[in-house]
Amino acid sequence: MGAQKKGATSRVSEDPEELARHPLQAILLADSFATKFRPITLELPKVLLPLVNIPVIDYTLAWLESAGVEEVFVFCCAHSKQVINYLESSEWSSQQNFSVQTIQSHNSISAGDALRLIYERHVIHGDFVLISGDTVSNMSLTQAFQEHKERRKKDANAIMTMVVKQSKSSQITQLSRLGTDELFMAINPDTKQLLCYEDKAEYSKGFISLDKTLIADNPSIVLQNDKQIMGYKIFTHEIHSSYAARIDNFRSYDTISKDIIQRWTYPFVPDILWKFCNKKVALSCSAQIGSFNVIGQGTKIGNDTKISHSVIGEGCTIGSNVTIEGSYIWNNVTIEEGCHLRYAIVCDGVIMKSGAVLEPGVVLSFKVVVGQQFVVPAYSKVSLLQQPTQQDSDEELEYADSSSGTVELPLDKLNGDVASDLSETQHGPASELGTGGVGYIWSIFEGLHDEEWRHSVAPILMDKLAKIMLDKVEDEGLLTQDGNVLSPSGELKSDSDDIGSHDDDNEVSGDDYVSFEKEVEATFLRAVHENVKVDHAILEVNALRLSFNMASVDCAGAIFYSMMKLAVESPHISASELHRNAADVTTAWQKLLKSFLHDIDEEIEVILKFEEICLESAKEFSQLFQQILHLLYDKEILQEDAILKWADEKEGADESDKVFLKHSEKFILWLREAEEEEEDCD
């Protein structure tokens with residue numbers, strides 16, 4: 001869960017009228033004190049990374065301004081000069097009623113160091129917002145502020161309110177979207193006080209539930225609150241509908257970029273933040289630009305080049321017959337003809353010579369040169385800087401102090417044969433990146449191989465997702481040799497039992513199913529928009545099934561609902577176009593739906609779900625019931641026996657429940673006649 005905090009120093013006045021006179025202040029930490037964005041952050045601070053062609057810090061500042069903050073103190077540490085220069089030259093330096101000031105430090109190595117230094121400066125005069133400069137959000141803080149102030153009036157020890165947003169309930173979805181493990185938080189449901197806050201990876205189980213009578217009957221049992229130090233208390237405020245996320249690694253960078261493009265962060269999207277955008281792009285007539293792309297001004301794209309699900313910066317030159325998929329190309333990059341890039345990040349000034357290939361997960365730092373026909377291996381990190389010998393977070397400070405931030409090499413040298421002009425002690429040999437290549441390919445530190453694929457922009461491989469899912473099953477219940485699951489209570493539970501109806505003790509509530517259906521729909525739409533492989537989508541839905549304790553038939557119903565909803569919401573002006581939409585969606589995702597249909601009874605449940613859809617959420621399908629039923633039969637999603645059994649069961653129903661049976665009479669008759677002909681032939 002992403003979390004933003006607001007708190008107060010001990011110097012805060014207790015007089016409400018005096019507090020009201022102070023402008024609302026915020027502390028923005030422009031240093032994450034982490035190393036996950038190396039080698040890039042050795043040359044550029046994370047808050048200045050382009051996020052859909054806009055520096056990350058602009059999203060955070062724009063949100064703070066919209067939330068009513070009037071005064072922001074930006075704490076700069078590593079590459080502080082770059083941050084200060086950017087802010088002074090940006091529009092943030094001249095905003096009315098919104099002041100942005102910087103506080104510089106050269107020796108702070110943690111958020112605690114930063115807050116101690118700010119405390120000593122005496123610049124904070126009341127309650128304030130504490131935010132990391134890599135946060136993207138559109139949430140309102142009004143209610144959180146009000147709750148915090150009310151608590152402060154009643155309890156002076158209520159020093160902080162942490163704003164939280166619940167992450168995806170599926171571990172696989174969480175990992176595939178953000179590349180992070182879940183956090184373990186214990187919150188008092190009545191008071192909202194935070195009792196525990198830890199990395200969930202440190203626990204064998206995510207949470208435990210204790211009956212209150214256990215505590216009452218056993219006074220010797222004591223629950224320790226590890227978040228109440230010296231009497232001070234931390235509380236929480238949970239948001240639900242708004243967007244909030246932190247850019248913690250390359251995978252979350254990728255996910256948040258896609259969310260911005262799909263406008264989940266509205267109004268903080270490029271076309272609004274770019275107030276004076278000249279969208280001149282030189283695009284060849286034969287170039288193919290797919291959906292969900294952003295291309296910066298001044299970029300040139302050659303013949304027969306294909307770009308999909310990517311962000312291209314300003315001033316780039318992309319040659320002919322280039323393929324770019326799921327990648328982030330920053331500014332002034334040159335990609336010569338015949339290059340192929342998949343799920344990569346390419347920083348400013350990089351040159352890729354003809355025929356070069358970037359395999360998934362590659363990161364090319366500033367002004368690297370990749371030689372002709374050279375293939376950069378998957379998950380490689382390449383830089384003009386040599387790899388630090390240790391993984392401590394002080395290196396960014398050392399590099400920032402010893403240089404202006406970025407490695408400066410003349411472009412005329414980069415375009416020529418620079419290998420002979422650069423000493424071996426400063427830059428890697430040409431052979432590391434092929435003929436004419438310049439840069440070091442960093443090695444992966446021992447024990448960090450899993451982090452490379454977890455934190456990469458590349459999709460997680462199928463075998464990795466399968467292992468995560470298996471580990472989750474083994475975590476929640478012991479797996480027996482025949483594939484059945486032994487629950488913690490010792491009761492044997494087969495997969496067929498899971499498919500059937502829930503018993504009274506485990507009956508799924510309506511609210512739980514609605515939440516589950518929404519999660520499945522969100523997963524399905526992401527799979528559609530981001531070209532997620534069907535096998536990966538199956539794993540994610542399975543993970544949701546485990547998280548919500550649902551049956552396979554519940555998954556099938558939720559998937560079918562999501563498919564039909566997508567068809568209805570896609571453009572159409574007639575019933576025939578709606579039918580075509582449904583056919584397209586069904587054809588593309590039939591494997592996903594079929595994977596959760598194991599017998600005839602489950603297929604009948606899909607038909608019943610379609611009846612419900614036609615009566616309630618998508619009445620446009622009512623006149624197409626027979627055609628869609630025929631479509632599902634043709635795609636072998638529904639068997640003939642399932643359709644006929646549904647029809648037989650409907651015969652004894654009330655007339656009001658036979659509406660769609662009557663709509664399907666011709667199709668049902670055709671199936672029965674075909675069945676009789678087969679019997680006659682036998």
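Nothing here was measured: the structure is a model prediction, and the numbers come from that model.

(A) Quick peek at the overall build of the protein chain. Summing up its helical and strand segments, the protein chain has 23 helices and 35 strands in all. Across the 682 residues that make up the protein chain, the buried fraction comes to 49%. The long-range fraction of contacts in the protein chain, counting pairs at least 24 apart against all pairs at least 6 apart in sequence, stands at 61%. When the accessible surface of the protein chain is totalled, it reaches about 33000 Å², and 49% of it is carbon and sulfur.

(B) Molecular detail of the confidence of the model for the protein chain. Here the protein chain shows a mean pLDDT of 75. Residues at 70 or above account for 72%. Per-element averaging of pLDDT across the protein chain places helix α11 (residues 411-415) at the bottom with 37 and strand β23 (residues 334-335) at the top with 95. Considering only residues more than four positions removed or in separate chains, one finds that residues 401-430, a stretch of pLDDT under 50, has 44 contacts.

(C) View of the packing of aromatic side chains. One pass over the full model with this rule turns up 13 aromatic pairs. Aromatic side chains Tyr253 and Tyr328 sit 5.3 Å apart centroid to centroid with 75 degrees between the ring planes, which places their arrangement in the edge-to-face category. Taken together, the positions of Tyr253 in helix α8 (residues 250-261) and Tyr328 in strand β22 (residues 328-329) put the pair 75 residues apart, joining distant regions of the chain. One exposure class covers both Tyr253 and Tyr328, and it is buried.

(D) View of the sheet that holds strand β21 (residues 323-325). Across the sheet, six strands lie side by side as β15-β18-β21-β24-β27-β30; this open sheet has parallel pairing. In this open sheet, the two edge strands, each paired with only one partner strand, are β15 (288-289) and β30 (375-376). As judged from the three bridges shared by strand β18 (residues 306-308) and β21, these two strands associate in the parallel manner. For Ser308, the partnering residue across the bridge sits in β21 and is Glu325.

(E) Summary view of empty space enclosed by the protein. Inspection of every chain in the model, using the stated rule, returns four cavities of 30 Å³ or more. Taken as a whole, the largest cavity holds about 60 Å³ of empty space. As for the largest cavity, its lining consists of Lys258, Ile261, Gln262, Phe292, His309, Ser310, Val311 and Tyr328. Split into classes, the residues belonging to the lining of the largest cavity amount to four nonpolar, three polar and one charged.

(F) Spatial organisation of the pairing of strand β6 (residues 99-104). As paired elements, strand β5 (residues 71-76) and β6 share six bridges and run parallel to each other. Note on β6: the bridge partner recorded for Phe75 is Ile103. At this point the chain moves from β5, through helix α3 (residues 80-89), to the parallel β6, and the crossover so formed is right-handed.

(G) Here's a closer look at helix α4 (residues 111-121). Taken together, the buried positions of α4 are occupied by Ala114, Leu117 and Ile118. Down the axis of α4, the smallest arc covering the buried residues is 100 degrees, so these residues share one side. Residues of α4 that are buried make contact with β2 (25-29), β5 and β6. Once α4 ends, the next one or two residues include His122, with phi positive near 60 degrees.

(H) Quick peek at the sheet that holds strand β25 (residues 345-346). Read from one edge of the open sheet, seven strands run β16-β19-β22-β25-β28-β31-β32, paired in mixed fashion. In this open sheet, the two strands that pair with only one neighbour each are β16 (294-295) and β32 (440-441). Across two bridges, the pairing between strand β28 (residues 363-364) and strand β31 (residues 381-383) is parallel. Its bridge partner lying in β31, Val363 is registered against Lys381.

(I) Expanded view of the environment of Glu602. Inspection of the secondary structure assignment puts Glu602 in helix α19 (residues 600-615). A residue is classified by how much of its surface remains accessible, and Glu602, at 3% relative accessible area, is buried. Separated by 48 residues in sequence, Glu602 and Asp554 have C-alpha atoms that sit 9.1 Å apart.

(J) Representation of helix α20 (residues 625-634). Listing the buried residues of α20 in full gives Phe625, Ile628, Leu629, Leu631 and Leu632. Buried residues in α20, looked at end-on, bunch into an arc of 155 degrees, giving them a common side. Just downstream of α20, Glu636 is the residue with a positive phi angle, here 60 degrees.

(K) Expanded view of the packing of helix α17 (residues 552-569) against α19. Contact geometry of α17 with α19 gives a least axis separation of 9 Å together with a crossing angle of 40 degrees. As far as their axial angle goes, α19 and α17 are oblique. The handedness of the crossing between α17 and α19 is right-handed. Where α17 approaches α19, its residues Ser552, Val553, Ala556, Gly557, Phe560, Tyr561 and Met564 are matched on the opposing element by Glu602, Glu605, Val606, Lys609, Phe610 and Ile613.

(L) Here's a closer look at unusual backbone geometry. At the junction of Arg38 and Pro39, the peptide bond is cis and its omega measures out at 5 degrees in the coordinates. As for its placement among the helices and strands, Pro39 is situated in the loop between β2 and β3 (50-51). The omega torsion across Tyr266 and Pro267 is 10 degrees, close enough to zero to call that bond cis. Positionally, Pro267 belongs in the loop between α8 and α9 (270-273). Of note, the phi angle at His309 is positive, near 50 degrees, even though the residue is not glycine. Looking at where His309 falls in the secondary structure, it is placed in the loop between β18 and β19 (311-312). Although it is not a glycine, Lys367 adopts a positive phi angle of roughly 60 degrees. With respect to the element layout, Lys367 can be found in the loop between β28 and β29 (369-370).

(M) The arrangement of the pattern of salt bridges in detail. Under the criterion given, the structure shown has 16 salt bridges. Here Lys36 ties to Asp248 by a salt bridge, and the two come within 2.8 Å at their closest N and O atoms. One end of the pair, Lys36, is in the loop between β2 and β3; the other, Asp248, is in the loop between β13 (244-246) and α8, and 212 residues separate them in sequence. Judged by relative accessible area, Lys36 falls into the partly exposed class, the value being 31%.

Quick notes on the rules
Residues numbered from 1 in each chain as written. Predicted model: local features only at pLDDT ≥ 70, side-chain atom pairs only at ≥ 80, totals over all residues. Heavy atoms only, no water. Helix = DSSP H or I, 4+ residues; strand = E, 2+ residues; numbered from the N terminus. Buried < 20%, exposed > 50% of the residue type's maximum accessible area, 1.4 Å probe, protein only. Contact = heavy atoms within 4.5 Å. Areas by Shrake-Rupley, 256 points an atom, 1.4 Å probe, with all protein chains shown as cover. pLDDT = per-residue confidence, 0-100. Phe/Tyr/Trp six-rings, centres within 6.5 Å; stacked < 30°, edge-to-face > 60°. Pairing = 2+ DSSP bridges. 1 Å grid on protein atoms, 1.4 Å probe; cavity = no way out; pocket = protein on both sides within 12 Å on 5 of 7 lines; lining within 4 Å. Points joined across faces, edges and corners; volume = space filled by probe spheres on them. Nonpolar A, V, L, I, M, F, W, Y, C, P; charged D, E, K, R; others polar. Right-handed = clockwise from strand over helix to strand, strands pointing away. Arc of directions from axis to C-beta. Axes fitted to C-alpha atoms, helices over the stretch in contact; angles between N-to-C directions. Parallel < 35°, antiparallel > 145°, perpendicular 65-115°, else oblique. Left-handed = near helix turned anticlockwise from the far one by under 90°. Salt bridge = Lys/Arg side-chain N within 4 Å of Asp/Glu carboxyl O.

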